[in-house]
Amino acid sequence: MEISVIGAGYVGLTIAVGFASLGYKVTVYDKDEGKINFLINGVAPLQEPGLGDLLKKVNNNLEFTHNFDDTISSSQILFIAVNTDFKNGKVRLSNFNRTIKQILRQKNLEDKTVVIKSTVPIGTTENVEKTLKGKFGNKVRVAFNPEFLREGHALQDFLNPDRIVLGVNDKVTKEILLQLYEAINAPKLFVDFKTAEMIKYASNAFLATKISFINEIANLCEIFGADIRKVSDGIGLDKRIGKDFLNAGIGFGGSCLPKDLKTLIYLAKQKKYEAKLLDSVRLVNEEQISRFVKKIEKALRGKPKKIAVWGVSFKGGTDDIRDSPAIKVIKQLIKKGYEISLYDPKALQNAKKELRGNVSYFDNYLEAVSEKSALLVLSDWREFLSFDLDETRRRMKDYYFFDGRNLFNPEEVKSKGFLYFCTG
Ligand code: NAD
């Protein structure tokens, strides 16, 4: 079987390299010519652990093209992994629809299976199937195969998933996909299109709910004087709850959780259902940013407005800054007249494109803190934990340490002479 992937982003490129490593021949197309040029030269245009190395290793099985039609001619299975957005209160499927139009322009799609990987609103796959079969007849097949990888662990998650969800409508497609994923050892769940689409939204909505839940409890801990970290341990040890996604802080971000949550609320509203719980999850998350900024302002009243920030990606381990809570905190602080010195291990280039105003960028975490009143930790990069806090404190003008991710051990930070603030 030969595979094509449309969209060479975090998902598309990961699955392309992943399938190539399993021995498949994979052709990749992206409308972004710059990305394809990077890939033709053997360079990954995004940061994911192991992706660049594996890309080079399995290069013989990979082809990158500027020509959409190559993806159709060279493969039996066509993955759509373009970005799907939610902007200005609406679902935006323009990239996805453009791909469907390009497919519809083909003369023949006999015996091809179009697999939607992009997260799409419930009902989309059914519509795509109707449209494609309307033009090409029953010999074209359609499936929805949501992706659950986490940025920062993308390859590992794709090759060792907890489960593979497959939305299919017929036995032949089921057999083809079983064969495709034969080498991956994970439970395979075959369901109808709409159920598969809902599984993807429900998974992300649940994870978002866990985060807003623990943030709300953390806010209550601040009011009542309880310790959120111990509360998280205490509830997370209950197997019915589980310890993951129970870390309080400035909230969730990234290209998926906020978008998918808002999309589900929006889809519900279109059907005259008010998703009250999900809307509260969104609200708690949004308010978490201003709560944190208020905490900073209150503590720093009268101090020079010069602060250092470690971490701008939406979480540690990635260069992705889409919908990053760190970016939101920084933007609010810039508006309030603060001067920001920013350090991030991987995401500075992306941050430069997004941030305007009084921001300087540092490749070195110690240079960023020099002569600053306060240090803010806004992404949970594990490597921050091995940074030299004694030297950090020595270089700073003042001793304020705001941990937006509850990443550090408070006692350790305080022992270095800092005044430590966190969530809860
Ligand atoms: P991305 O923005 O990183 O990549 C999308 C790529 O598609 C870009 O390179 C863009 O240039 C390309 N593209 C857009 N329109 C195109 C078109 N018409 N033809 C060809 N290429 C086109 O997005 P992503 O993070 O990889 O997400 C892709 C989809 O997967 C989204 O629906 C997302 O919700 C879903 N998803 C993402 C993740 C994640 O962690 N990023 C996880 C699971 C699911």
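None of the values given here were measured: they were computed from a predicted structure.

### Focus: the site of the ligand
As a matter of local geometry, the ligand sits amid 28 residues, with Asp30, Lys35, Thr84, Glu151 and Lys259 nearest to it. The separation between a nitrogen atom of the ligand and a polar side-chain atom of Thr99 is 3.4 Å. One of the side-chain nitrogen or oxygen atoms of Lys259 is found 2.6 Å away from an oxygen atom of the ligand. If the ligand stood free it would expose 830 Å²; the protein chains cover 94% of that surface. Taken together, the elements giving at least two residues each to the shell around the ligand come down to helix H1 (10–21) and helix H5 (94–104). Of the residues in the shell around the ligand, the class split is nine nonpolar, nine polar and 10 charged.

### Focus on the nonpolar core
By size, the foremost hydrophobic cluster in this structure holds 38 residues, and its most contacted members are Ile3, Phe19, Val26, Leu62, Phe79, Leu180 and Tyr181. For this core, the element with the highest residue contribution is H1, accounting for seven residues. Discounting chain neighbours no more than four positions away, the residues touching Ile3 are Phe19, Tyr24, Lys25, Val26, Thr27, Ser75, Ile77, Phe79 and Leu180. Of all hydrophobic cores here, the second largest spans 29 residues; its members include Val309, Ala326, Leu342 and Ala374.

### A few points about the state of the cysteines
Inspection of every chain in the model, using the stated rule, returns zero disulfides. Note on Cys221: no disulfide assigned, nearest cysteine sulfur contributed by Cys422 at a separation of 10 Å. According to the relative accessible area criterion, Cys221 is buried, its value standing at 5%.

### Concerning the pairing of strand E2 (residues 25–29)
With four of five residues buried, E2 is to be regarded as a mostly interior element. Handedness of the crossover is the feature at issue here: the chain leaves strand E1 (residues 2–6), passes through H1, returns alongside E2, and the resulting connection is right-handed. Two elements, E2 and strand E3 (residues 62–65), share four bridges in a ladder whose sense is parallel. Residue pairing for E3: Thr27 is matched across the bridge by Glu63.

The rules we used
Residues numbered from 1 in each chain as written. Predicted model: local features only at pLDDT ≥ 70, side-chain atom pairs only at ≥ 80, totals over all residues. Heavy atoms only, no water. Near = heavy atom within 4 Å. Polar contact = N/O pair within 3.5 Å; in protein donor to acceptor, adjacent residues only side chain to side chain. Areas by Shrake-Rupley, 256 points an atom, 1.4 Å probe, with all protein chains shown as cover. Helix = DSSP H or I, 4+ residues; strand = E, 2+ residues; numbered from the N terminus. Nonpolar A, V, L, I, M, F, W, Y, C, P; charged D, E, K, R; others polar. Core = buried A, V, L, I, M, F, W, Y, C linked by side-chain atoms within 4.5 Å. Buried < 20%, exposed > 50% of the residue type's maximum accessible area, 1.4 Å probe, protein only. Contact = heavy atoms within 4.5 Å. Disulfide = S-S within 2.5 Å. Right-handed = clockwise from strand over helix to strand, strands pointing away. Pairing = 2+ DSSP bridges.

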